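Descriptive structure summary
Each chain, letter by letter, is given below.
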Amino acid sequence: MNEENSKFEEALAALGASDDTLTEAEKASIDERGFVVFPGVLSEAALAELRDKYEELMEREGANAGMEVHQEKGTRRLADLVNKGSVFDAVYVHPKVLAAVRRVIGRPFQLSSLNARDAVPGEGLQALHADWGPRRADEPFHVCNSIWLIDDFTADNGATRLVPGTHKLGGSPSDYMADPRDSHPDEIALVAPAGTVCVFNSHVWHGGTSNRTNRTRRAMHSYYTARELPQQLRQAEYIRKSTYDRISSAARYILNV
């Protein structure tokens, strides 16, 4: 085992992510369908705290919210949540999430970004896409994402759709569909209560749907990439001393700081 693999294994062990962290059914789901759903990860108290912080940040950052990564028409976005409160510390090091990410990427990885997104009423539809360019079917997986449901996801409020098994395909959705904004016959909507976490192989085709309600629908995304690849947000450039001092050495490893 080389030095990088040794550090990786040590960090995951310290954070409670091992081969036994996932059930056999959870392993099969992430392998075959390309995603796995963990219900009840966040308590009502944790959800209340996250919602309060979410809205506090939105109000404080205003038109600049999300600019560290990108902004998107029809949505509210936040970025660099690693540095925006201890309430986010447990998100990117959750053992179940790390174990699922490890199963997807299969080699040392790092947090790429910790962002938040909610589709405002009447908006949110995305074309089906993967969080990676066209990929050969024999190419290893490079990225893995997770959706943390801060509000209930319903069939009407912009729930994410995923197409099971598409992580095994080469190319991109446009190679198989005339218009990736259309519904896919095999797509599944992530309809689940707040507090649920879904980890998905980011090569699975997925996308937001339209929010047809009069309320926003909030979620966080902790996104990971293989360690040899660039991060979406270079954590070492953004890390604050207060964050660095507060978190564990294993968490620092996941951030690559």
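Small disclaimer: the values here were computed from a predicted structure and weren't measured. (Residues numbered from 1 in each chain as written. Predicted model: local features only at pLDDT ≥ 70, side-chain atom pairs only at ≥ 80, totals over all residues. Heavy atoms only, no water.)

Looking now at the overall build of the protein chain. A tally of helices and strands in the protein chain yields seven helices and nine strands. Here the C-alpha atoms of the protein chain give a radius of gyration of 17 Å, agreeing with the 18 Å that 2.2 N^0.38 yields for 257 residues. Projected onto its principal axes, the C-alpha positions of the protein chain cover 45 × 45 × 30 Å. For the protein chain, with 257 residues in total, the buried portion stands at 52%. For the protein chain, long-range pairs separated by at least 24 residues make up 85% of all intrachain contacts whose partners lie at least 6 apart in sequence. (Helix = DSSP H or I, 4+ residues; strand = E, 2+ residues; numbered from the N terminus. Rg over C-alpha atoms; globule rule 2.2 N^0.38 Å. Buried < 20%, exposed > 50% of the residue type's maximum accessible area, 1.4 Å probe, protein only. Contact = heavy atoms within 4.5 Å.)

When charged atoms on two side chains of opposite charge get close, those side chains can pair. In the structure shown here, the tally under the stated rule is 26 salt bridges. As a salt-bridge pair, Glu56 and Lys53 come within 3.4 Å of each other at their nearest N and O atoms. Taken together, the residues Glu56 and Lys53, both in helix H3 (residues 44-61) and three residues apart, mark about one turn of the helix. Two residues, Asp138 and Arg136, come together in a salt bridge whose shortest N-O distance is 3.1 Å. Residue Asp138 shares its accessibility class with Arg136, and that shared class is exposed. (Salt bridge = Lys/Arg side-chain N within 4 Å of Asp/Glu carboxyl O.)

A few words on the nonpolar core. In summary, soluble globular proteins display a tendency toward joint burial of nonpolar side chains. Within the largest apolar cluster, 50 residues are counted, with the highest numbers of intra-cluster contacts made by Tyr92, Phe109, Val199, Met220, Tyr224 and Ile254. In terms of nonpolar packing, the next biggest core, distinct from the first, is built from 12 residues, Leu149, Phe153, Ala192 and Phe200 among them. (Core = buried A, V, L, I, M, F, W, Y, C linked by side-chain atoms within 4.5 Å.)

For the rest of this paragraph, the subject is the side chain of Thr243. For Thr243, the position within the fold is in helix H6 (residues 241-246). At a separation of 2.9 Å, a polar atom in the side chain of Thr243 contacts the side chain of Asn83. Contacts of Thr243, omitting those with residues within four sequence positions, involve Val82 and Asn83. (Polar contact = N/O pair within 3.5 Å; in protein donor to acceptor, adjacent residues only side chain to side chain.)

Strand order in the open sheet formed by three strands is E6-E5-E8, with antiparallel pairing between adjacent strands. The outermost strands of the open sheet, each flanked by one partner alone, are strand E6 (188-189) and strand E8 (206-207). Where strand E5 (residues 161-162) meets E8, two bridges bridge the pair, whose relative direction is antiparallel. Counterpart to Leu162 in the pairing with E8 is His206. (Pairing = 2+ DSSP bridges.)

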